[in-house]
Amino acid sequence: MVNKLQMMRKHCCLLFCSIMLVAVSQVFAQNPIIRNQYSADPSARVFGDKVYLFPSHDIFAREGKGRIGWFCMEDYHVFSSANLTDWTDHGIVVSQTATPWTKQDAYSMWAPDCIERNGKYYFYFPATPKDTAFGRGFTVGVAIADKPEGPYIPQATPIKGVRGIDPNVFTDKDGQAYLYWSNGNSTGGNIYSAKLKANMVELDSEVKTFDELPTKGLKEGPYMFERNGIYYLTYPHVENKIERLEYATSNNPLGPFKFTGVIMDESPTGCWTNHHSIIQFKNQWYFFYHHNDYSPNFDKARSVRADSLAFNTDGTIKKVIPTLRGIGVTIATSQIQIDRYTNLSEKGAAIEPIDTADRFKGWQTNFSEVGAWAQYNSVDFGKKPLKTVSVNEMSRTGATLQIRTGSVSGQIVAEVKITPSTNWKITTATLVKSPNGMQHLFVVAKDGKQVAVDWVKFE
Ligand code: FUB
């Protein structure tokens, strides 16, 4: 009875926190796409006319709370977006203290997934069970909701027969659902799968081990999808020193699979893990993954990114080259963060954090040479003429920036004359020509005097 009451109290508290967060949290486009907290292991899903994102939630361990220097996660948030530019944080949906079977102080709520079946939403998550009868290490549980943003009610016990992490659920065209997961260590380990019963919380077959995948080096984070009759089993794998994202293909969701290629190379700056999901939304394929953008010195505090993905005519996947610009259209009247650039001149333009003590404040673009530029693609100027452009800037010497569209030498939209200052300020200039429709934006240093730009906005 006491336990039941405690659980109810925890659920109410969670619901209250979630409602509070829904009211205040809106996060924006470009990479990383989640900008109000650390986020990792993104599982993106299309439900109705929105994309929902179910990531892990990295926090920092400290004395008595998790293992210092290691992954530390106590809950999950869900995010959604209708345009892939504006992301709404719906708050905490599942936490270790509100789940009956999890070890309450394990901080091991690793990579989750979510899937819809018959109007119910099934959220799968790995965690350490408090009762070793459910297995040692990690197992996988389910929480169920009537709406993608919750509230989710965790099942009393984890799924029987699953040992490991990184659950992923795939439903085939015939309605059969499959659970995939991984279990391993730095020297190896494997990816597993089994059919799920229609209730989505019990296995319905023997567990299959994908022994045909590369055997050397850790494999984890499976993500399965089907396109034109090809089943793609995609997964992070340590082929060299850190994880890269690979895929294997088959004509059956349970294999056998044939290693087919690499989707994303290892992080050039050394983020050890990567973890991804792949969706098609409004006729475009997207690739969600993570990188330690806000925590360059500690790669267990990660952030979700997204880029477009494309296929070759033979069904193989084109390698995804990570970008800062990411996905989604940016409205010209919003604050355009040009530090999330599409391209940057080779010399005289550099990106730096605004505040190294608080990376969530974002980045700035520093211009320091004549003709240096930053290119930012897919800005929607709409149909109505715009009159001004404002630049949030700081220049000790004063400087002149040109705002152009199309190319570095394209139409000059405005010249912004910046006066010297040691503080951030907003300088506004009148447009000489109002762009319309979708344009690529260029910010060019006309005189090469030092100037830092936070954002650019049209009105
Ligand atoms: O986020 C913790 C673990 O790191 C995930 O479960 C793995 O896939 C890796 O990203």
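Per chain, the residues get numbers from 1 upward, laid out in the order the sequence is written. Restriction of local features to residues with pLDDT of at least 70 applies here, the model being predicted, together with a cutoff of 80 or more for giving and counting side-chain atom pairs; totals for whole chains, interfaces and linings are based on all residues. Excluding hydrogens and water, the side-chain values take into account all heavy atoms of the structure.

**Things to note about the pairing of strand β4 (residues 75-81)**
Any residue under 20% of the maximum accessible area for its type is buried, any over 50% is exposed, and the rest in between are partly exposed; the area is computed with a 1.4 Å probe on protein chains only. Helix numbers and strand numbers start at the N terminus; a helix is a DSSP run of H or I with at least 4 residues, a strand a run of E with at least 2. A large share of β4 lies buried, amounting to seven of its seven residues. What you see with β4 is no split at all: Asp75, His77, Phe79 and Ser81 on one side and Tyr76, Val78 and Ser80 on the other are buried throughout. In the sheet, strand β3 (residues 50-56) pairs with β4 via three bridges, with the strands oriented antiparallel. Following the sheet pairing, leucine 53 is matched in β4 by phenylalanine 79. In short, DSSP must find at least two bridges between two strands for them to pair.

**What about unusual backbone geometry?**
A cis amide bond links glycine 150 to the next residue, proline 151, at an omega of 5°. Secondary-structure assignment places proline 151 in the loop between β8 (139-145) and β9 (153-154). The phi dihedral of tyrosine 107 is positive, around 50°, even though this residue is not glycine. Tracing the sequence through the fold places tyrosine 107 in the loop between β5 (87-95) and β6 (113-117). Accessibility expressed as a relative area gives 12% for tyrosine 107, which makes it buried.

**Some words on the pairing of strand β12 (residues 188-196)**
Buried residues dominate β12, accounting for seven of its nine residues. Taken together, the nine bridges between strand β11 (residues 177-185) and β12 define a ladder with antiparallel strand orientation. Looking across to β12, one finds that tyrosine 180 is bridged to serine 193. Note: β12 against strand β13 (residues 208-209), two bridges, orientation antiparallel. Along β13, the bridge assignment pairs tyrosine 192 with threonine 209.

**Comments concerning the site of the ligand**
Throughout, near means a residue has at least one heavy atom within 4 Å of the molecule or strand. Contacts to the ligand come from Asp41, Phe71, Met73, Trp110, Ala111, Asp166, Glu220, Thr273, His275, His290 and Arg302. What qualifies as a polar contact is a pair of N or O atoms within 3.5 Å, subject to a donor-acceptor requirement within protein and to the restriction that residues adjacent in sequence count only when both atoms come from side chains. The side chain of arginine 302 places a nitrogen or oxygen atom 2.7 Å from an oxygen atom of the ligand.

**Structural notes on the sheet that holds strand β19 (residues 284-291)**
Spatially, the three strands line up as an open sheet ordered β18-β19-β20, and their pairing is antiparallel. Sheet topology places β18 (277-281) and β20 (303-309) at the edges, where each strand pairs with a single neighbour. If you compare each strand with its neighbour and ignore which way they point, the axes differ by 30° on average. Pairing analysis gives five bridges linking β18 to β19, with the strands arranged antiparallel. Within the sheet, the bridge partner assigned to glutamine 280 lies in β19 and is tryptophan 285. Every axis in this analysis is a line fitted to C-alpha atoms, fitted for helices over the stretch in contact. Angles between the N-to-C directions lie between 0 and 180 degrees.

**Brief notes about the pattern of salt bridges**
The working definition used for a salt bridge is a side-chain nitrogen of Lys or Arg within 4 Å of a carboxyl oxygen of Asp or Glu. Following the criterion strictly, the structure yields 17 salt bridges and no others. Of the charged contacts in the structure, one is a salt bridge between aspartate 41 and arginine 302, with a shortest N-O distance of 4.0 Å. With a gap of 261 residues between them, aspartate 41 in strand β2 (residues 40-47) and arginine 302 in the loop between β19 and β20 connect regions that are remote in the sequence. In this structure aspartate 41 comes out as buried when scored by relative accessible area, which is 5%. For arginine 302, a relative accessible area of 2% corresponds to the buried category. Between lysine 173 and glutamate 226 there is a salt bridge whose closest N-O contact spans 2.8 Å.

**Brief notes about the environment of lysine 449**
Along the chain, the position of lysine 449 falls in the loop between β30 (438-445) and β31 (451-458). The class for lysine 449 is partly exposed, based on a relative accessible area of 41%. Along the primary structure lysine 449 and alanine 156 are separated by 293 residues, whereas in three dimensions their C-alpha atoms are 64 Å apart. Throughout, a residue-residue contact means that at least one pair of heavy atoms, one from each residue, lies within 4.5 Å. Sequence-distant contacts of lysine 449, that is, excluding residues within four places in its chain, are made with Phe367, Thr397, Gly398 and Ala399.

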